[in-house]
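Survey of secondary and tertiary structure
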Amino acid sequence: CPLPLSVMPNAGLPQMVGGQAWFPLQPEQLAAWHTRFVDEYGVALVGGCCGTTPEHLAQVAAQLGGRAAPRREVTFQQSLSSSYQRVTLEQENSFLIVGERSNTTGSKKFREQLQAGDHEGMVQLAREQVRGGAQVLDVCVDYVGRDGVADMREVMRRYATQVTVPIMVDSTEAPVIEAALKLLGGKAAINSVNLENGLERPRTIFPMARRYNSAVVALTIDEEGMARSAERKEAIARRLYDLAIDEYGVDPTNLLFDVLTLPISTGADDERRNAMETIEGIRRVKASCPGAATLLGVSNVSFGLNPAARQVLNSVFLHECQEAGLDAAIVHAGRIMPLYKIDEEHRRVALDLIYDRRAEGYDPLRAFMDLFQNATTSRTTDREALPLEEELARRIVDGDRVELEPLLDQALERYEALTIINEFLLKGMEKVGELFGSGEMQLPFVLQSAEVMKAAVGYLEPHMTKAGGSHKGTMVLATVKGDVHDIGKNLVDIILSNNGYKVVNLGIKQPIGNIIEAATTQHADAIGLSGLLVKSTLVMREDLDELNRRGLHYFPVVLGGAALTRRYVEEDLRALYRGEVTYAEDAFEGLNLMNRICSPEG
């Protein structure tokens with residue numbers, strides 16, 4: 001947001017002393033915090049609220065008075081948000097996952113919970129979806145014979161405060177949508193607008209979207225019905241795009257076009273190209289509607305097939321759509337498979353079906369159905385035939401922690417705990433990184449693998465031999481701002497801690513101000529910065545710049561993370577940083593670097 005920022009805090013959290021509220025923050029502390037807010041976040045207006053006194057404001061004025069309002073560098077990212085968090089539509093190597101189960105149309109469980117007034121059950125269903133990887137929830141309470149406005153209010157009162165992710169409000173009735181928007185903090189999305197009845201719905205939905213600063217899902221449906229060809233999908237999308245922007249002042253970045261998924265599972269000749277047209281429609285809309293995003297409800301492509309066949313076809317089709325530029329998908333995350341888990345023949349025939357590669361004597365639909373004639377969605381595994389060491393790595397890749405501890409106990413009979421982590425478990429995580437980077441593993445499965453890795457390392461940690469004596473040195477360790485990945489960072493923490501070092505682990509998404517404060521107060525010997533995302537490498541560069549600017553380049557900095565390369569650190573970043581900056585490929589190289597940094601020879 002380019003608007004000026006203001007900060008008007010209390011003098012700390014009030015405490016009851018002698019029956020009266022007492023505010024502990026002293027004047028010089030308030031001035032120090034405000035200076036930090038101005039320097040780090042570009043705050044333009046500062047002041048004080050409850051508990052502040054003339055002395056507090058005098059100190060602030062002495063510190064900041066006369067300074068020009070800072071100029072903030074604002075980088076816009078297309079996003080949705082709740083009161084608790086923001087998610088960007090652009091996901092690195094993935095797509096935005098919109099959970100589909102809080103919906104009376106598609107979820108029998110949610111429909112039954114709504115009818116029974118089981119509000120706690122509906123909240124738990126929402127949380128299950130988030131744990132399963134959903135980053136936004138599509139919520140629909142439309143049901144014949146019920147008061148949709150009242151139902152939406154009851155659900156949203158709870159979702160707004162008890163569910164952390166943004167909400168996509170899904171209804172055919174404008175009053176139901178508005179009832180939700182009035183209760184939701186942050187930036188929600190409206191699902192949806194179309195041209196089925198001409199301008200009737202746009203006249204209602206677009207002004208509402210502007211009033212509540214909501215995003216809008218726009219369906220490629222007009223007065224003639226649902227668009228089937230890529231050309232019609234593009235034409236309707238462009239008509240809605242121009243209408244939203246030119247007549248209603250909607251920002252193009254608030255538009256998400258759903259070019260519609262139609263089945264390819266009926267065998268009808270006129271439906272054989274449905275998937276192809278959708279994929280091409282995504283490409284065309286991305287090109288002709290600049291600033292807008294694309295979204296798709298995926299599962300309709302496989303309508304009528306058995307569950308095992310649907311899971312494979314949906315997963316392969318979703319990957320093809322993502323390759324075409326799809327930004328977000330409404331899916332049941334637990335029913336999408338990473339491509340590496342799909343049998344090669346199943347994947348080949350699914351692609352033949354998607355791209356209608358019929359030939360003399362070969363019908364991909366019939367072939368696909370035959371492959372799954374007696375199949376179920378539960379899949380047998382050949383892990384049991386693998387050597388113990390390879391099975392451990394596969395457990396990480398598959399994100400499977402069932403009976404993990406007995407397997408680790410077997411490994412401990414043969415190997416040291418650190419050997420198990422370094423030589424077997426980390427191989428699994430390396431494979432996960434490769435699959436994620438190639439697009440063959442989606443984010444929910446990466447997170448499952450990460451959880452299994454955490455559990456394995458946690459189980460092995462008590463078996464590691466700690467170095468005795470006093471601390472050999474201190475490292476302040478953090479995942480950089482904007483990055484939530486912490487497996488590698490936490491492994492560095494364990495390895496250093498078990499080798500005599502004190503580690504101050506700040507956690508994820510840490511701004512450089514927090515890192516500097518910890519490094520100075522803890523008298524750190526080194527700072528360790530971690531990040532998985534490509535954009536984290538740019539944040540690291542900015543962090544090194546800030547250390548230079550503050551004259552804190554006496555701190556050695558160790559950098560690590562999947563997106564970094566040794567060349568980038570040792571050539572580009574060393575040329576930038578006035579102090580020592582090094583690259584650690586893994587936790588054990590981090591240990592070697594700390595040994596060198598903290599040795600008497602330095």
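Calculation notes
Within each chain, residue numbers correspond to sequence positions counted from 1 in written order. Local features in this predicted model are restricted to residues whose pLDDT is 70 or higher, and side-chain atom pairs enter the listing and the counts only when it is 80 or higher, whereas totals over whole chains, interfaces and linings include all residues. Computation of side-chain values: all heavy atoms of the structure, hydrogens and water removed. An automatic or database domain assignment is the source of the domain bounds shown. Within this document, salt bridges are pairs made up of a side-chain nitrogen of Lys or Arg and a carboxyl oxygen of Asp or Glu, the two lying within 4 Å of each other. Remark: exposure states derive from per-residue accessible area (1.4 Å probe, protein chains only) relative to the maximum for the residue type, with buried under 20%, exposed over 50%, and partly exposed in between. Paired strands, as defined in this entry, are two strands with at least two bridges between them according to DSSP. Note on conventions: DSSP H or I runs of at least 4 residues are helices, E runs of at least 2 residues are strands, and numbering of each starts at the N terminus. All axes here are fitted lines through C-alpha atoms, helices being fitted over the stretch that makes contact, and every angle between N-to-C directions spans 0 to 180 degrees. Every residue pair with non-hydrogen atoms within 4.5 Å of one another is taken to be in contact. The rule is short: rings of Phe, Tyr and Trp, with Trp giving its six-membered ring, pair when the centres are within 6.5 Å, and they are stacked under 30 degrees, edge-to-face over 60, tilted in between. Side-chain atoms within 4.5 Å link the members of a nonpolar core, which is a set of buried Ala, Val, Leu, Ile, Met, Phe, Trp, Tyr and Cys residues. Here the angle decides the label: under 35 degrees means roughly parallel, over 145 means roughly antiparallel, 65 to 115 means roughly perpendicular, and every other value means oblique. Crossing chirality is assigned from the near helix's rotation relative to the far helix, an anticlockwise turn below a right angle marking it left-handed and a clockwise turn marking it right-handed. Classification remark: right-handed applies to a crossover when, strands pointing away from the viewer, the course from the first strand over the helix to the second runs clockwise. pLDDT expresses, on a scale from 0 to 100, how confident the predictor is about each individual residue. The arc refers to the directions leading from the helix axis to the C-beta atoms.

Examining the domain arrangement of the protein
Considered domain by domain, the protein is made up of domain 1 (6–64), domain 2 (388–462) and domain 3 (471–598). Put simply, the middle of domain 1 and the middle of domain 2, counted by C-alpha atoms, are 47 Å apart.

Here's the deal with the pattern of salt bridges
Taken as a whole, this structure holds 36 salt bridges when the rule is applied. In this structure, Arg358 engages Asp356 in a salt bridge whose closest nitrogen and oxygen atoms are separated by 2.8 Å. On the basis of relative accessible area, Arg358 is assigned to the partly exposed category, the value being 38%. Connected through shared salt-bridge partners, Arg36, Glu40, Glu517, Glu546, Arg549 and Arg550 make up one network.

Re the sheet that holds strand E19 (residues 526–530)
Taken together, five strands build an open sheet; the order of strands is E18-E17-E19-E20-E21 and the sheet is parallel. Each edge of the sheet is formed by a strand with only one pairing partner; in this case those strands are strand E18 (502–505) and strand E21 (581–583). The average angle at which neighbouring strand axes cross in this sheet is 25°, direction not considered. In the sheet, strand E20 (residues 557–560) pairs with E21 via three bridges, with the strands oriented parallel. Across the sheet, Val557 pairs through a bridge with Val581, a residue of E21. Along the sheet, helix H20 (residues 566–576) contacts E20 and E21; its crossing angle with E21, the most-contacted strand, is approximately 170°.

A closer look at the sheet that holds strand E10 (residues 189–193)
Spatial ordering of the closed barrel is given by E7-E8-E9-E10-E11-E14-E15-E16, a layout of eight strands whose pairing is parallel. Across the sheet, the mean angle separating the axes of adjacent strands is 25° when strand polarity is ignored. Taken together, the four bridges between E10 and strand E11 (residues 215–219) define a ladder with parallel strand orientation. Residue pairing in the sheet places Ile190 in a bridge with Val216 of E11. In this fold helix H8 (residues 230–248) packs onto E11 and strand E14 (255–258), with an angle of close to 160° to the strand it touches most, E14.

Overview of the packing of aromatic side chains
Per the counting criterion, the structure on display carries five aromatic pairs. Between Trp33 and Phe37, the ring centres sit 5.9 Å apart and the planes meet at 35°, which makes this aromatic pair tilted. Residue Trp33 and its partner Phe37 are both found in helix H1 (residues 27–41); the two are separated by four residues, about one turn of the helix. We classify Trp33 as partly exposed; its relative accessible area is 36%.

Observations concerning the nonpolar core
In this structure, Tyr159, Phe206, Phe257 and Phe368 are the most contacted members of the largest nonpolar core, which totals 94 residues. Here Phe257 is in contact with Ala218, Ala237, Leu240, Tyr241, Val285, Cys289, Ala292, Ala293, Thr294 and Leu295, once residues within four sequence places are set aside. Ranked by size, the runner-up nonpolar core spans 40 residues in total, among them Leu408, Ala417, Ile494 and Met594.

What to know about the environment of Leu114
With respect to the secondary-structure elements, Leu114 resides in helix H3 (residues 108–116). Its relative accessible area of 4% is what places Leu114 among the buried residues. The spacing of Leu114 and Thr104 is ten residues in sequence and 8.1 Å in space, taken between C-alpha atoms. Those residues in contact with Leu114, other than ones at most four positions away along the chain, are Thr104, Met122, Val141, Arg146, Asp151 and Val155.

Here's the deal with the packing of helix H4 (residues 119–131) against helix H5 (residues 148–162)
Between H4 and H5, the shortest axis-to-axis distance is 10 Å and the interhelical angle comes to 45°. Our classification of the angle between H4 and H5 gives oblique. Judged by the sense of rotation from one axis to the other, the crossing of H4 with H5 is right-handed. Across from His119, Glu120, Met122, Val123, Ala126 and Arg127 in H4, the residues of H5 making contact are Glu154, Val155, Arg158, Tyr159 and Gln162.

Section: unusual backbone geometry
The omega angle of the peptide bond from Asn191 to Ser192 is 25°, so this bond is cis rather than trans. Secondary-structure assignment places Ser192 in strand E10. Positive phi, normally seen in glycine, also occurs at Leu260, with a value near 75°. Considering the arrangement of structural elements, one finds Leu260 in the loop between E14 and helix H9 (274–288). We classify Leu260 as buried; its relative accessible area is 9%. Look at Glu403: it is not a glycine, yet its phi comes out positive at around 55°. Structurally, Glu403 can be placed in the loop between helix H13 (388–398) and helix H14 (404–412).

Focus: the pairing of strand E9 (residues 167–170)
Here E9 shows a buried face lined by Ile167 and Val169 and a second buried face lined by Met168 and Asp170. On the question of chirality, the crossover connecting strand E8 (residues 136–139) to the parallel E9 by way of H5 is right-handed. Taken together, the three bridges between E9 and E10 define a ladder with parallel strand orientation. Note on E10: the bridge partner recorded for Asp170 is Asn191.

Focus on the confidence of the model for the protein
On average, residues of the protein carry a pLDDT of 90, and 96% of them reach 70 or more. No element of the protein has a lower mean pLDDT than helix H16 (residues 443–460), which averages 80, and none a higher one than E11, which averages 98.

A word on H20
Listed in full, the buried residues belonging to H20 are Tyr568, Val569 and Leu573. For H20, the arc enclosing every buried residue in end-on projection is 85°, short of the 170-degree limit, so these residues lie on one face. Turned more than 90 degrees away from the buried face of H20 sit Arg567 and Ala575, all of them exposed. Each element contacted by the buried residues of H20 is listed here: helix H19 (534–549), E20 and E21.

Section: the pairing of E19
Side-chain positions along a regular strand alternate between the two faces of the sheet. Of all five residues making up E19, five are buried, and the element is well covered by its neighbours. Of the two faces of E19, the one carrying Ala526, Gly528 and Ser530 and the one carrying Ile527 and Leu529 are both buried. Two strands pair when backbone bridges link them, and strand E17 (residues 474–479) and E19 are joined in this way by five bridges, in the parallel orientation. Looking at E19, one finds that Thr479 is bridged to Ser530. Assessed by its sense of winding, the connection that carries the chain from E19 through H19 to E20 is right-handed.

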